[in-house]
Amino acid sequence: SQQGEEDPQALSIQEGENATMNCSYKTSINNLQWYRQNSGRGLVHLILIRSNEREKHSGRLRVTLDTSKKSSSLLITASRAADTASYFCATDARFLDRGSTLGRLYFGRGTQLTVWP
Amino acid sequence: NAGVTQTPKFQVLKTGQSMTLQCAQDMNHNSMYWYRQDPGMGLRLIYYSASEGTTDKGEVPNGYNVSRLNKREFSLRLESAAPSQTSVYFCASSEDVSNQPQHFGDGTRLSIL
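Please read these numbers as outputs of a predicted model, since none were measured by experiment. (Residues numbered from 1 in each chain as written. Chains lettered and ligands numbered in written order. Predicted model: local features only at pLDDT ≥ 70, side-chain atom pairs only at ≥ 80, totals over all residues. Heavy atoms only, no water.)

We now examine the interface of chain B and chain A. With 22 residues of chain B at the interface, the matching set in chain A holds 24 residues. Summed over both partners, the interface of chain B with chain A buries about 1900 Å², with 47% contributed by carbon and sulfur atoms. Inspection of the region where chain B meets chain A yields one salt bridge. With a closest N to O distance of 3.0 Å, Asp106(B) and Arg41(A) form a salt bridge. Inspection of the region where chain B meets chain A yields five residue pairs in polar contact (both at pLDDT 80 or more). Mapped onto the side of chain B that touches chain A, the elements with two or more residues apiece are β4 (31-38) and β5 (42-49) of chain B. Here the side of chain B that touches chain A gets four residues from one element, more than from any other, and that element is β5(B). The class makeup of the residues in the side of chain B that touches chain A is ten nonpolar, eight polar and four charged. (Contact = heavy atoms within 4.5 Å. Buried area = accessible area lost by both parts, 1.4 Å probe. Salt bridge = Lys/Arg side-chain N within 4 Å of Asp/Glu carboxyl O. Polar contact = N/O pair within 3.5 Å; in protein donor to acceptor, adjacent residues only side chain to side chain. Helix = DSSP H or I, 4+ residues; strand = E, 2+ residues; numbered from the N terminus. Nonpolar A, V, L, I, M, F, W, Y, C, P; charged D, E, K, R; others polar.)

All names here are of chain A. Going through the model one piece at a time under the given rule, you end up with seven salt bridges over all chains. Here Glu5 makes a salt bridge to Arg109, at a shortest N to O gap of 2.8 Å. Remark: Arg109 occurs in the loop between β10 (106-107) and β11 (111-116) and Glu5 occurs in strand β1 (residues 4-7); sequence separation between them is 104 residues. Residue Asp83 is joined to Arg60 by a salt bridge in which the shortest nitrogen-to-oxygen separation is 2.9 Å. A residue pair is termed long-range when its members are at least 10 positions apart, and Asp83 in the loop between β8 (71-76) and β9 (85-91) and Arg60 in the loop between β6 (55-58) and β7 (61-66) qualify at 23 residues. Arg60 sits in the partly exposed class, given a relative accessible area of 23%. (Buried < 20%, exposed > 50% of the residue type's maximum accessible area, 1.4 Å probe, protein only.)

All names here are of chain B. Along strand β3 (residues 19-25), five of the seven residues are buried, which leaves the element largely enclosed by surrounding structure. Where strand β1 (residues 4-7) and β3 come together, four bridges link them in antiparallel fashion. When the sheet's bridge partners are listed, Val4 is paired in β3 with Gln25. Taken together, the three bridges between β3 and strand β8 (residues 74-78) define a ladder with antiparallel strand orientation. By the bridge assignment for β8, Leu21 is matched with Leu76. (Pairing = 2+ DSSP bridges.)

Bringing the state of the cysteines into the picture now. Per the counting criterion, the structure on display carries two disulfides over all chains. A disulfide bridge connects Cys23(A) with Cys89(A), and the sulfur atoms are separated by 2.0 Å. Residues Cys23(A) and Cys89(A) share a disulfide whose torsion about the S-S bond is about 65 degrees; that sign makes it right-handed. In this pair, Cys23(A) sits in strand β3 (residues 19-25) while Cys89(A) sits in strand β9, placing the two residues 66 residues apart along the sequence. For the pair formed by Cys23(A) and Cys89(A), the shared burial category is buried. Here Cys23(B) is linked by a disulfide to Cys91(B), with a sulfur-sulfur distance of 1.9 Å. An S-S torsion of about -75 degrees defines the bridge between Cys23(B) and Cys91(B) as left-handed. (Disulfide = S-S within 2.5 Å.)

Within a sheet, neighbouring strands are paired by backbone hydrogen bonds and run either parallel or antiparallel to one another. Residues and elements named next belong to chain A. Overall, antiparallel pairing links the five strands, which are arranged β1-β3-β8-β7-β6 in an open sheet. Every other strand in the sheet has two partners, leaving β1 and β6 as the edge strands with one partner each. Within the sheet, the average angular offset between the axes of one strand and its neighbour, ignoring direction, is 15 degrees. Direction of pairing for β7 relative to β8: antiparallel, over a ladder of six bridges. Along β8, the bridge assignment pairs Val63 with Leu74. (Axes fitted to C-alpha atoms, helices over the stretch in contact; angles between N-to-C directions.)

To continue, consider the sheet that holds β1(B). Residues and elements named next belong to chain B. Taken in spatial order, the four strands line up as β1-β3-β8-β7 in an open sheet, and their pairing is antiparallel. At either end of the open sheet lies a strand with only one pairing partner, and these are β1 and β7 (64-68). For this sheet, the mean inter-axis angle between neighbouring strands, taken without regard to orientation, is 20 degrees.

Moving on, we come to the layout of surface pockets. Taken as a whole, the largest pocket spans an internal volume of roughly 200 Å³. Ala2(B), Val4(B), Phe104(B), Gly105(B) and Asp106(B) are the residues nearest the centre of the largest pocket, which is lined by 16 residues in total. The residue makeup of the lining of the largest pocket, split by class, is six nonpolar, eight polar and two charged. In this structure, the second largest pocket occupies an estimated 170 Å³ of space. Around the second largest pocket, the lining comprises 14 residues; the ones closest to its centre are Gln37(A), Asn38(A), Ser39(A), Gly40(A) and Gln37(B). Every element with two or more residues in the lining of the second largest pocket is listed here: β9 of chain A together with β4 and β9 (87-94) of chain B. (1 Å grid on protein atoms, 1.4 Å probe; cavity = no way out; pocket = protein on both sides within 12 Å on 5 of 7 lines; lining within 4 Å. Points joined across faces, edges and corners; volume = space filled by probe spheres on them.)

Below, the structure written as structure tokens:
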């Protein structure tokens, strides 16, 4: 089963509004990452938050992590049409692995964000 | 700076044919990865190479083989393609395997008839 699950599956907003996406996971992690994927392109890394961090900012992005609830959120403030993309969270999940575990990221199914001009 | 380059971008195969997907990175990264992305499934790891000379299975390795040709290049081979392998394949790289940010190519869209 998936280690990370994003919610909602789809989100549609107007330019200037804030967009919030959530990610839940099942096991203890070392870090959690968020990626963006524009249609027909590869994933682009946005931000990494470590398990001992609670909040991190990068430009218009704010990521929070609550390890007690095994959840994270990605907030995009003052959204733009160019933010239209799919957003994925990715976690490591060592206990799910057998043998070598390093280097394995588990991706959720993503949130499709549409920002209307 | 090209980053991660995948070839080809598109390919159509018949069931039973073989082919190799190529991936090269110019960031001097130690670790490289192959994923497949299917609708509604997110990305799933096929194989990865922690460093030159090593490869390890991911979540869905059956039907695939890989070769870490050198530090720059990591190829994925389908020996006998099956319709279930129709997917978009992504190659990625990172400085090392300690869950560093991964850098992705733009994918190979593979259809198997």
